[in-house]
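Examination of the molecular architecture
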Amino acid sequence: MKARLLVLSVLTAAVLPASGVVAAPCVQSPRLPDNPLFDMQERRFGFHDEELIICSPGATSGVHIAARLWVPAGCPGIGGCPGVVIAHGFGFNKEVTFADMLQAVQRGLYVLSYDVRGQGMSGGQAAFLGRDDIADQAAVLDWWHNNVQPSKTAFYGLSQGGWLSWTAAVYNCGAARAAVFDSTIPCDEGGRWVDAIAPVQGPTEYLDDGTCPLFGVEALAYSRFNPTLVGGLAGCIVNGRPGQTGEVFVDIAHRLTRIDVPVYAITSFYDRLILPQLVTSAYEELAALATQPGSAIYGKDVRLLISNDGHGAVGGNFAVVGDIFSWIASQIGDGAPLRDAKVSIAQEWEGNAFRLEHAWPIPDTETRTLYLARDGAGSLAAAPAGTPDQLRNLPYPASPPEAPFVGTLVGFNNDLEVPDARLVYTTEPLAETLEFTGGPAATIYVSGTTGGEGQLHVGLAELEPNGSAHEFAHARIGLTDLGPDPVAVTLPLTIASHRIDAGNRLMVVVTSADALVTFPARGLDPFYVHHDGAAPSSITVPVVPVDRVPPAGDPPSGAGFTEDPLGAICQALSLPC
């Protein structure tokens, strides 16, 4: 799954079966609550496991959905306990949610995890966050309520599963509503299907940054070579632009007002696959609606957590996962209420430990604007200066690959310029420690040859006196139809939280390509970055008080896989090691 600039304009959805191909009939698994094997499992492990096939009519074609149900020993086989439905990330399967399922059953919750269409053991073609995925989700929830009959239901998922968490709350109460993707259709008899959602790094809308990400090649295998994705990538190879495949990504951002259940939204500071602003913006809207009488979500609990993990790796951070399931237990089960503070963020400057915040954006946030300038060497200053800097579409490796579960990545950390490929601008050494927390943005004036193409990859980093750097925010955008007159290109960088110590510098790096992340733009004609009075390229950064006092309460804590792999594995499996 992707969002951010999520996958090309190829990131699309349902594909009809190939002509002449007839899907095999789906045979749904009967439940056997009196199976003696279940009793043995419950005595040994505290829960029993059921492997299931659920039949879904889909939106364009029927399919079998492979699922796994865990029933805690303390719960009746049918009814009597609340439960959680879990969806995995794109290209993975229900088995990677094993630790999440343990989190649920250890809290006395039923839990069902299923393979999304075209992934794992489920049939069909991967649908890329589209209508078939929502229709399949409706079939799973329908089966869940008819066969397990939980007292309440939460939906949790990461990445693709995060998007499905959002859709569960929008299309959350009936097969007819989900089948036609119209949340104005009344609910089925019995009311809503979910009572709380926890979307982790889940996209809410499709964003096209005009580049061809290399992740699309990886996604071919993930999607079982979805023809739509193949066609989109063919455009990248032939003419350097994503193929036009139609608008099929189901948007959630414009349907948030229809959400009427508690929400715990989770993202990461260095998530470059799904723009963190998609999640923080959704939180801000829902948090505001929760205080407005008459809104669907009025009075409901709405929370936000931002970690320091890369995309996907947040699922291996048990400070995050443990907090999520404690919140789920408090919302649908017998768990103790979570702390009053609604916002938790990771402290990059204190070993990734979390702290609580009074609100998001952090109160008393100020924005500061610095301008790209040249005074012998590249610099960031109070005013623009200098003649344009030249770039060409060279395959420069600007940063590590964007791939799930890679953790926090800050590669290629130095202040070296590379002719035609890498421009560097720095401030003078800072007189005091500054904390940048929020959404930086860059406005870059560019020009080129008539009809020219290019890319901008912009990174924000801390530069130490020895020349080493630590990137903490990043963005990219494709450029087309360049001309001789400079035009302003504004791009938001990833949400950031970073403290720069006194004596160090703030550094902006602009590259013409990122060879480990995107296909370079075609052609070697030069294009230019301007930074004079008529074309003042700049970076705007949010600055927050360093000495602010956090609210009362215990922040999330626990082992993170990227920081403490053994500790995270032991915590995930409840092993005494």
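Residues numbered from 1 in each chain as written. Predicted model: local features only at pLDDT ≥ 70, side-chain atom pairs only at ≥ 80, totals over all residues. Heavy atoms only, no water.

On to the overall build of the protein chain, then. A tally of regular secondary structure across the protein chain gives 10 helices and 23 strands. Within the protein chain, the proportion of its 577 residues that are buried is 57%. The contacts in the protein chain between residues at least 6 apart in sequence include a share of 79% that link residues at least 24 apart. Of the roughly 21,600 Å² that the protein chain leaves accessible, carbon and sulfur atoms contribute 55%. (Helix = DSSP H or I, 4+ residues; strand = E, 2+ residues; numbered from the N terminus. Buried < 20%, exposed > 50% of the residue type's maximum accessible area, 1.4 Å probe, protein only. Contact = heavy atoms within 4.5 Å. Areas by Shrake-Rupley, 256 points an atom, 1.4 Å probe, with all protein chains shown as cover.)

It is worth spelling out the sheet that holds strand β10 (residues 353-357) at this point. Pairing within the open sheet is mixed, and its 10 strands lie in the order β1-β2-β4-β3-β5-β6-β7-β8-β9-β10. Sheet topology places β1 (47-56) and β10 at the edges, where each strand pairs with a single neighbour. Adjacent strand axes in the sheet meet at a mean angle of 15° when their direction is disregarded. In this structure, strand β5 (residues 153-158) lies alongside strand β6 (residues 196-200), joined through 5 bridges in parallel fashion. By the bridge assignment, Ala-154 is partnered in β6 with Ala-196. In the packing of helix α1 (residues 36-45) onto the sheet, the strands contacted are β1 and β2 (63-72), and the crossing angle to β1 comes to about 130°. In this fold helix α4 (residues 160-170) packs onto β3 (83-87), β4 (110-114), β5, β6 and β7 (263-268), with an angle of close to 150° to the strand it touches most, β5. (Pairing = 2+ DSSP bridges. Axes fitted to C-alpha atoms, helices over the stretch in contact; angles between N-to-C directions.)

On to the pattern of salt bridges. Summed over all chains, the structure comprises 22 salt bridges. Arg-255 is paired through a salt bridge with Asp-251; the nearest N and O atoms lie 3.8 Å apart. For Arg-255, a relative accessible area of 22% corresponds to the partly exposed category. When the shortest N-O distance is used, the salt bridge between Arg-392 and Asp-420 registers 3.5 Å. Here Arg-392, found in the loop between β13 (389-391) and β14 (422-426), pairs with Asp-420, found in the loop between β13 and β14; they are 28 residues apart in sequence, far enough to count as distant. Three or more residues joined by partner-sharing salt bridges are found here, namely Asp-49, Glu-51, Arg-68, Lys-94, Glu-95 and Asp-115. (Salt bridge = Lys/Arg side-chain N within 4 Å of Asp/Glu carboxyl O.)

For strand β9 (residues 343-347), a buried count of 5 out of 5 residues is recorded, marking the element as mostly surrounded by other parts of the structure. Taken together, the 3 bridges between strand β8 (residues 302-307) and β9 define a ladder with parallel strand orientation. From the neighbouring strand, Leu-304 faces β9, where its bridge partner is Val-343. With respect to chirality, the unit in which β8 leads through helix α9 (residues 318-332) into the neighbouring parallel β9 is left-handed. Bridge count for β9 against β10 is 5 bridges, and the pairing is antiparallel. Note on β10: the bridge partner recorded for Ala-346 is Phe-354. Count of turn residues in the β9/β10 antiparallel hairpin: 5 residues, of which Gly-351 carries a positive phi of about 65°. (Right-handed = clockwise from strand over helix to strand, strands pointing away.)

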